[in-house]
Structure formats: structure tokens, C-alpha cells
Amino acid sequence: MTIATTGEADALPEILTERRGAVQWVIFNRPKARNAITPWMEDRLIEICREVDADPAVKALVLTGAAGDKPAFMAGADLSCLQSVKTPEDYTILEDRAETAAMALEAVRVPTIAALAGACVGEGALLAACCDVRIATPSVRFGFPIARTVGNCLSIKNLARLAAILGTARTKEMIFSARLLTADELSGAGALRGVVAEDDLTDRTQELAEELASLAPLTLWTTREALRRWRDHGLPADGDADLLRLCYLSADYQEGIAAFLEKRRPVWVGQ
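Residues numbered from 1 in each chain as written. Predicted model: local features only at pLDDT ≥ 70, side-chain atom pairs only at ≥ 80, totals over all residues. Heavy atoms only, no water.

Student: An account of the nonpolar core is needed here, citing residue identities and associated values.
Tutor: In this structure, Phe28, Phe73, Leu116, Phe142 and Phe144 are the most contacted members of the largest nonpolar core, which totals 47 residues. If sequence neighbours within four positions are ignored, Phe28 has contacts with Glu14, Ile15, Asn35, Met41, Leu63, Thr64, Gly65, Ala66, Phe73, Met74 and Leu127. By size, the runner-up hydrophobic cluster in this structure holds 14 residues, among which are Trp25, Ile113, Val133 and Ile135. (Core = buried A, V, L, I, M, F, W, Y, C linked by side-chain atoms within 4.5 Å. Buried < 20%, exposed > 50% of the residue type's maximum accessible area, 1.4 Å probe, protein only. Contact = heavy atoms within 4.5 Å.)

This is the structure we're talking about:
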């Protein structure tokens, strides 16, 4: 997989951004470390999500990893960051920053896609799980081999994120076996939109992002938000009243009805 970083790309040290039409690409850019994430990268990802929220021209967000000698989405957290965890306060800071990045990605107003190749481990797998859609190459290896490596554990919320895309039994089996899942296994669990050749990942991901960008944005966002609330809070009696009101009272809903009756494609404005 080759990721272009020309045009509007920002030559940042650990993350590159590139706008392709209405699609914002975020490229983890530490190929020599298989794109292992640092605190700066987490903070920058949070910042990018805010930038996307403030820019109505962005209709979809893609996360991927820069290619080095071997393809990689993200090989977990940077080891030096893990070595620094010595006290309860240290691991609280570490977990809180990672959780803030995950929540920012889940809350961003546009649909999100993870384009996966090679290592997708630890925090990389969690960020991929936070995305709405995943597409991968046959080289992807996904999981948390922590039971045979560092011996830490996942939070309840992170386990819930994984169970949402893999199912509870497969999530437990993945961690209890301390092995990484293949593209075929991820596809079998329904966690991937598709498996594509290494050289096709960028183009196919852009096509998928443009497809999502053409759909009713309020429908996509309220679906994502409702599922997130269900996961985190169960089924409160009126927990979706604001979401229903947002869609049914929107200009987009009126446009959708008019377009259907007039047998034309609707023009969505996200309002």
C-alpha cells in the first residue's frame, strides 16, 4: 500500500493529513515503529476530530497507516510510553488520554473508516473498532496479545467496543488465545466491509468514503450516536427523543420526501 502525501498534506512528524475532495485522510506516520501511537499523536487525533467537526466541507474521515518495510495500521502504543507507567496516577493518565481519543473519534459528526493493513494491535485495534467501517488487506493482523506480552487488561468500555464488532465470544477467545485475528476471521465476524489487494486499499477506501459522503448525513450520525448511547447507557425511556426530532424536523427529511415523490436524487445539506 502506498499513501500519497502530496497536495494539501501537512508534513507533521507523526501524523499526516490530506484532503481528498470531501474526505479527510489521517495517516499515522511512524513506519519505522509500525506507526505505534504516542501521546502527541493521540492529542493530534483529538484536534483533527475537532477540526473536522468545524468544517462542513468534510463529509467522511479515514484513518490509515503509512507504509514502511512492512504494512502497518498501528502496532499499539509506543513502548517507551508503557515503560513510564509506574504509579496509579501514571496509568490513569495513559488510559484517560487514549479514551479521550477514542471518544473523539466516536463522536465526530462524519462517518469514519479505518483502512487496515498489517499490524492493527492494541490501541490501533481499538481505534479501528471505534470507526464506523473497516476495510482491510489480507495482511491485516488484529488483536491484543496482552495475555502473553505486557499482561495488562482492557477497560469495560474497550471490551464493549470490541464485542460490538466481533461479538462477546470471539472477543474473549481472541484475548484468551493471545493471538491476532486474520482478515478472513474479521470478515467472518462481520467486522470488515471488504478485503482488498494491498495496492487497491487507498483507492477502494476513497471510493467507500465517497459513497458514505453521498448519503443522508443526519441519518448516519443519529444511527452512530444511538448505537453509542445504547452501548454506554442501555435503553433509557426517552434516550433518543432528540435524535428523532433532529431527523424528522430537518430540511433533509423534507428534501428526501420531495425527491422521492419527484423521482430524483436528494440533495442533502445536513440540516
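Student: Please set out the packing of aromatic side chains residue by residue, giving values where relevant.
Tutor: Each aromatic ring pair is summarised here by two numbers: the centre-to-centre distance and the angle between the ring planes. In the structure shown here, the tally under the stated rule is two aromatic pairs. We note Arg20 situated over the ring of Trp25; from NZ or CZ to the ring centre the distance is 4.7 Å. (Phe/Tyr/Trp six-rings, centres within 6.5 Å; stacked < 30°, edge-to-face > 60°. Lys NZ or Arg CZ within 6 Å of the ring centre and 35° of its normal.)

Student: Tell me about the sheet that holds strand 6 (residues 119-121), residues and numbers included.
Tutor: Spatially, the three strands line up as an open sheet ordered 4-6-8, and their pairing is parallel. Every other strand in the sheet has two partners, leaving strand 4 (72-75) and strand 8 (141-143) as the edge strands with one partner each. Looking at each pair of strands side by side, their axes are set apart by 20° on average, direction ignored. Running over the sheet, helix 4 (residues 123-130) touches strand 4, strand 6 and strand 8 and is turned about 85° from strand 6. (Pairing = 2+ DSSP bridges. Helix = DSSP H or I, 4+ residues; strand = E, 2+ residues; numbered from the N terminus. Axes fitted to C-alpha atoms, helices over the stretch in contact; angles between N-to-C directions.)

Student: How would you explain the side chain of Glu123 if you had to name every residue and give the values?
Tutor: Position of Glu123 among the secondary structure elements: in helix 4. Buried charge Glu123 goes without a salt bridge, the closest partner of opposite sign being Arg97 at 8.5 Å. Aside from chain neighbours lying at most four places away, what touches Glu123 is Ile37, Glu42, Met74, Gly76, Ala77 and Ala98. (Lys, Arg positive; Asp, Glu negative; His and termini not counted. Salt bridge = Lys/Arg side-chain N within 4 Å of Asp/Glu carboxyl O.)

Student: A description of the pairing of strand 2 (residues 23-28) should follow, citing residues and the corresponding values.
Tutor: Within strand 2, six of the six residues are buried, which leaves it mostly tucked inside the rest of the structure. With burial as the criterion, each face of strand 2 is covered, one bearing Val23, Trp25 and Ile27 and the other bearing Gln24, Val26 and Phe28. Where strand 1 (residues 15-20) lies against strand 2, six bridges are found, and the strand directions are antiparallel. The partner of Arg20 across the bridge, within strand 2, is Val23. Joining the antiparallel neighbours strand 1 and strand 2 is a turn of two residues, in which Gly21 adopts a positive phi near 65°. Where strand 2 lies against strand 3 (residues 60-65), six bridges are found, and the strand directions are parallel.

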